[in-house]
Every structure is written in C-alpha cells, then in structure tokens.
Amino acid sequence: MSARFEEIDWRPTAMGEISLRRRRDPLSGEDVYEVKLGDEYLMSSLFTTGEVELARLGLAELSEGPLDVVVGGLGLGYTARTALDDPRVRSLIVVDTLAEVIDWHRRGLVPLGAGLASDPRCRLVHGDFFAMTAGNAAGGPPAAEGAGADVSASAGDEAAEGAGAAPRGLDPETPGRRFHAILLDVDHSPRHVLHPDHAVLYTRTGLTALAELLYPGGVFALWSNDPPDKEFSSVLAEVLVETAAHVVDFDNPLQGGTAANTVYVARRRDG
C-alpha cells in the first residue's frame with residue numbers, strides 16, 4: 001500500500017513553483033495525482049471527465065481519417081491519451097510550456113506518462129502554445145522532443161535564448177503545418193487565464209491566427225472550467241462555424257453531487 005501523501009516533484013519555474021503530488025483517497029483507496037502551480041490546483045486525476053470529453057467531442061466532429069492532431073497542454077495526459085485511443089489519429093503533437101511536466105511523463109512519474117512518451121505517433125513539444133500560434137515564439141534550437149529524447153529545464157532555457165522570431169506554427173519541425181484538430185486545455189477559462197499573454201488567443205485576432213493552422217473543415221475544441229460564456233461564444237462564431245458549447249457534468253466526491261465543465265467545439269470554414 002502506498003503512503004498517504006507524497007510530494008513526487010517540486011520545481012521553480014518562470015510561471016511559479018510547480019509541484020506534483022500523490023495522495024491516497026480515503027474513500028476509494030486509490031492514488032490521486034495532483035499538480036499545483038503556486039497555490040492553485042491545475043489538475044487532478046480525480047477529475048478527468050472534462051479532459052477526456054475535450055478530445056472525444058472535438059474528434060467526433062471529424063468523420064474521416066487519418067487525422068493529425070495537436071493538444072495544447074499536456075497536464076496529466078488524459079486529453080492526449082484519449083486522442084491516441086482514436087484509431088483515426090495518425091499523429092499527435094502535445095505542446096506544453098513547462099519542460100518539468102514533460103519530464104514527469106518521460107520519467108514515468110505520472111500514470112499515463114510512459115504510454116504517451118513511448119507511442120511513436122506522439123511527439124511532446126516544449127513550447128509556448130500561445131506564442132507559437134501567434135508567431136511570436138523565440139528562435140534558437142528546436143523545441144520539439146522526440147519520443148526517446150531527454151527533456152530538461154535547461155533545454156527550454158537554451159531555446160528561449162535563441163535570437164529572432166520563429167515561423168508561426170505548432171510543429172517546430174514543419175513551420176506553418178496544418179492540422180485536422182487543435183484541442184486546447186491550458187487556461188482555467190477564456191476569462192481566467194494563467195498568464196496575461198494568453199488572453200489575446202480568445203479574441204477575434206487570436207482565433208483567426210489559430211484557424212489558419214487548421215485544414216479547411218478542421219476543428220478547434222477548448223476546455224473551460226466556467227459555464228458557457230456568451231461573449232466568448234459570439235467571438236468564436238465570428239471566426240469559425242458550427243460552434244457549440246457542451247456542458248460536461250461529472251461526479252464531485254469532494255463537494256458531493258456533481259460539477260460541470262464546458263467544452264467549446266467549432267469548425268474552420270471549408271475552402
């Protein structure tokens with residue numbers, strides 16, 4: 001039986017102190033993995049329905065394969081794992097700004113890590129999803145890491161020190177590459193962002209830049225911890241078509257009853 005509580009890893013980052021913890025749930029007896037950034041809980045393996053539904057609802061809008069997919073935000077890996085479980089997915093790039101999180105997966109410190117890191121379809125990329133989408137990512141050494149490569153904070157520091165601006169895109173190996181689906185789970189919601197620089201993505205300008213990285217008919221899906229936001233939905237509909245805000249209910253054993261997330265799904269115009 002595992003210890004009741006363990007801090008598996010703790011590191012300072014540019015966004016604040018990040019920690020990976022494991023605790024034993026007293027009700028189920030199962031291990032729960034949690035990630036904190038400063039005093040905020042970023043994710044927990046106790047609540048994964050929203051992350052799973054982000055991939056399921058987004059990919060459900062695409063009728064045929066093979067599919068090339070991007071996930072923004074690695075976290076504990078549930079969105080990426082669900083995407084890879086779809087047999088139509090040919091390739092998956094997962095972009096995360098924290099090399100520490102990627103390192104957890106490669107070292108097998110989180111339950112899904114080894115499976116993601118060893119899947120030949122999956123490539124973990126250390127980079128800023130928001131800057132890469134807008135074309136503001138720093139140049140220098142490639143930020144992409146192959147399935148067998150080592151990832152460290154120093155590697156990310158070296159990339160950040162490169163001069164000039166990198167061509168826009170979410171695949172450092174193929175600038176401007178397009179995808180069939182982009183699934184994003186980084187910020188708490190379009191109104192509650194982890195960094196002020198993220199806010200522009202949720203505007204007409206930011207969404208237009210993101211849409212250019214999708215194939216015609218491609219899908220953008222976004223997880224949010226808030227209820228459906230009419231203002232954001234309106235902006236989304238200005239840029240993309242067939243927009244919808246799905247309310248995802250799930251059990252909340254900590255508070256009793258149920259809680260809900262929102263998954264926004266929209267499609268790029270054909271042609």
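Values in this document were obtained by computation on a predicted structure and should not be read as measured data.

*Asks:* Before we move on, can you summarise the overall build of the chain with the specific residues and values?
*Replies:* What the chain contains, in helices and strands, is eight helices and 12 strands. Taken across its 271 residues, the chain has 52% of its residues classed as buried. In the chain, 64% of the contacts between residues at least 6 apart in sequence involve partners at least 24 apart.

*Asks:* Give a detailed account of the sheet that holds strand β1 (residues 5–13), specifying residues and quantitative values.
*Replies:* Overall, antiparallel pairing links the four strands, which are arranged β1-β2-β3-β4 in an open sheet. The open sheet terminates on both sides in strands that have one partner only, identified here as β1 and β4 (40–44). Adjacent strand axes in the sheet meet at a mean angle of 20°, parallel and antiparallel pairs treated alike. Alignment of strand β2 (residues 16–24) against strand β3 (residues 31–37), held across seven bridges, turns out to be antiparallel. Looking across to β3, one finds that R21 is bridged to E34. Together, β1, β2 and β3 form the strand contacts of helix α3 (residues 99–106), whose direction differs from that of β1 by roughly 140°.

*Asks:* Tell me about the pattern of salt bridges, and please be specific about residues and values.
*Replies:* All told, the structure shown has 22 salt bridges when counted by the stated rule. The partner of E6 in a salt bridge is R22, with the nearest N and O atoms 3.4 Å apart. One end of the pair, E6, is in strand β1; the other, R22, is in strand β2, with 16 residues separating them in the sequence. Between D103 and R11 there is a salt bridge whose closest N-O contact spans 2.4 Å. Taken together, the residues span a long stretch of sequence, with D103 in helix α3 and R11 in strand β1 at a distance of 92 residues. Per residue, the accessibility class of D103 equals that of R11, and both read buried.

*Asks:* Explain the side chain of S45 to me, and be specific about the residues and the numbers.
*Replies:* Relative to the helices and strands, S45 is located in the loop between β4 and α1 (49–60). A distance of 2.8 Å separates the side chain of S45 from the backbone nitrogen of Y33, its partner in a polar contact. Other than its neighbours up to four places away in sequence, S45 contacts D31, V32, Y33, L76 and Y78.

*Asks:* Before we move on, can you summarise α3 with the specific residues and values?
*Replies:* Taken across its eight residues, α3 has eight buried, putting it largely inside the fold. Taken as a whole, α3 has its buried residues at A99, E100, V101, I102, D103, W104, H105 and R106. Positive backbone phi, approximately 70°, marks G108, located one or two places after α3.

*Asks:* I'd like a rundown of the pairing of strand β7 (residues 122–126), residues and numbers included.
*Replies:* The buried fraction of β7 amounts to five of the five residues, a majority that puts the element mostly inside the structure. Of the two faces of β7, the one carrying C122, L124 and H126 and the one carrying R123 and V125 are both buried. As judged from the five bridges shared by strand β6 (residues 89–96) and β7, these two strands associate in the parallel manner. Looking at β7, one finds that V94 is bridged to L124.

*Asks:* Account for the packing of helix α7 (residues 204–211) against helix α8 (residues 230–239), with residues named and values stated.
*Replies:* How two helices sit against one another is set out by the angle between their axes and by the gap between those axes. Closest axis-to-axis distance for the α7/α8 pair is 9 Å, and the angle between their directions is 45°. With respect to α8, the element α7 is oriented oblique. Here α7 and α8 pass one another in a crossing that is right-handed. Along its contact with α7, which presents R204, L207, T208 and A211, the element α8 presents F232, V235, L236, E238 and V239. Residue classes in the contact of α7 with α8 are distributed as six nonpolar, one polar and two charged.

*Asks:* With reference to specific residues and values, describe the packing of aromatic side chains.
*Replies:* All chains considered together, the criterion is met by four aromatic pairs. A ring pair is formed by F129 and F130, whose centres lie 5.6 Å apart and whose planes are at 80°; its orientation type is edge-to-face. Assessed through its relative accessible area of 3%, F129 is described here as buried. Considering the side-chain rings of Y202 and F232, the 6.0 Å spacing of their centres and the 75° angle between planes classify their relative orientation as edge-to-face. Remark: F232 occurs in helix α8 and Y202 occurs in the loop between β9 (179–184) and α7; sequence separation between them is 30 residues. Each member of the pair Y202 and F232 is classed as buried. Among the aromatic residues, those joined into a ring-pair cluster are Y202, F232 and Y264.

The rules behind these values
- Residues numbered from 1 in each chain as written.
- Predicted model: local features only at pLDDT ≥ 70, side-chain atom pairs only at ≥ 80, totals over all residues.
- Heavy atoms only, no water.
- Helix = DSSP H or I, 4+ residues; strand = E, 2+ residues; numbered from the N terminus.
- Buried < 20%, exposed > 50% of the residue type's maximum accessible area, 1.4 Å probe, protein only.
- Contact = heavy atoms within 4.5 Å.
- Pairing = 2+ DSSP bridges.
- Axes fitted to C-alpha atoms, helices over the stretch in contact; angles between N-to-C directions.
- Salt bridge = Lys/Arg side-chain N within 4 Å of Asp/Glu carboxyl O.
- Polar contact = N/O pair within 3.5 Å; in protein donor to acceptor, adjacent residues only side chain to side chain.
- Parallel < 35°, antiparallel > 145°, perpendicular 65-115°, else oblique.
- Left-handed = near helix turned anticlockwise from the far one by under 90°.
- Nonpolar A, V, L, I, M, F, W, Y, C, P; charged D, E, K, R; others polar.
- Phe/Tyr/Trp six-rings, centres within 6.5 Å; stacked < 30°, edge-to-face > 60°.

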